[in-house]
Amino acid sequence: MKYTKVCTLSDLPDDEGLKVVEGDTAVAVFNVNGKVLATQDRCSHAKWSLSEGGYLDGDVIVCSLHMGKFCAHTGAVKMAPPWKPLKKYPVKVEGEDVFVAFEDGYFEAEQSKSKVVDG
C-alpha cells in the first residue's frame, strides 16, 4: 500500500472532517475519539461534501444537506436518505503525521466478504 502524508493530528478539526485530495480522489479525514478514520468525501446520496458540509456527532458522520448519517468506523448508512455506504480508506498515524492510502479505498462489506472467502 502506498500511503501519502495528508496532515498532522493538530490539523484535524473537532467534530468535523478535513478534506484531503490526491488526483481525482477526495477523502474526508476524521478524528473520532482519538482514532483517525477516513471515508470518501462525498455523501453517497447527493454528492455533498462531508468535510465541508457535514459534521461528526460522536462516531456518526452527518451530512448537513439532507441529514443522512453514516457510521464513521464502517461507512454503513445509519439513517436515510442515503442507501449506499461510504467508501473507507486505510489510514496510519506515525507520531503526529497522518497518512492515507488513496488507491486502496474499499467498502467495509466487500472487505468482510473477501476476508471470509480468503480465510
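Residues numbered from 1 in each chain as written. Predicted model: local features only at pLDDT ≥ 70, side-chain atom pairs only at ≥ 80, totals over all residues. Heavy atoms only, no water.

An unreviewed UniProt entry annotates the protein chain as Non-heme iron oxygenase ferredoxin subunit of Cytobacillus stercorigallinarum.

*Asks:* Quick question: what am I supposed to make of the sheet that holds strand 7 (residues 69-71) here?
*Replies:* The pairing of strands in a sheet happens through backbone hydrogen bonds and is either parallel or antiparallel. The strand order across the open sheet formed by four strands is 5-6-7-8, and the pairing between neighbours is antiparallel. Two strands close off the open sheet at either side, each with one partner strand: strand 5 (54-57) and strand 8 (77-79). If you compare each strand with its neighbour and ignore which way they point, the axes differ by 30 degrees on average. By the bridge criterion, four bridges tie strand 5 to strand 6 (residues 60-63) in an arrangement that is antiparallel. Paired with Asp-57 across the strands is Val-60, a residue of strand 6. (Pairing = 2+ DSSP bridges. Helix = DSSP H or I, 4+ residues; strand = E, 2+ residues; numbered from the N terminus. Axes fitted to C-alpha atoms, helices over the stretch in contact; angles between N-to-C directions.)

*Asks:* Please explain a negative patch on the surface as it appears in this structure.
*Replies:* A grouping of Asp-14, Asp-15, Glu-16, Asp-57 and Asp-59 is seen on the molecular surface, where their side chains present a negatively charged patch. Locating Asp-14 in the fold gives a position in the loop between strand 1 (4-8) and strand 2 (18-22). By relative accessible area, which is 70% here, Asp-14 ends up exposed. (Patch = residues over 30% accessible without salt bridge, like charges linked within 9 Å, V, L, I, M, F, W, Y side chains within 5 Å. Areas by Shrake-Rupley, 256 points an atom, 1.4 Å probe, with all protein chains shown as cover. Salt bridge = Lys/Arg side-chain N within 4 Å of Asp/Glu carboxyl O. Lys, Arg positive; Asp, Glu negative; His and termini not counted. Charge placed at Lys NZ, Arg CZ, Asp CG, Glu CD. Buried < 20%, exposed > 50% of the residue type's maximum accessible area, 1.4 Å probe, protein only.)

*Asks:* What am I meant to see in the nonpolar core here?
*Replies:* Within soluble globular proteins, side chains that are nonpolar tend to cluster in buried spots. Counting residues in each nonpolar core, the largest one holds 12 residues, listed as Ala-28, Phe-30, Val-32, Leu-37, Cys-43, Leu-50, Leu-56, Ile-61, Cys-63, Phe-70, Ala-72 and Leu-86. Put simply, the parts of the chain that give this core at least two residues each are strand 3 (25-32) and strand 6. In terms of residue count, the dominant contributor to this core is strand 3 (three residues). Sequence-distant contacts of Leu-86, defined by excluding residues within four places in its chain, comprise Thr-39, Gln-40, Arg-42, Cys-43, Ser-44, Leu-50, Ile-61, Phe-70, Thr-74, Gly-75, Tyr-106 and Phe-107. Val-20, Ala-38, Tyr-89 and Val-98 belong to the second largest nonpolar core, which has 11 residues in total. (Core = buried A, V, L, I, M, F, W, Y, C linked by side-chain atoms within 4.5 Å. Contact = heavy atoms within 4.5 Å.)

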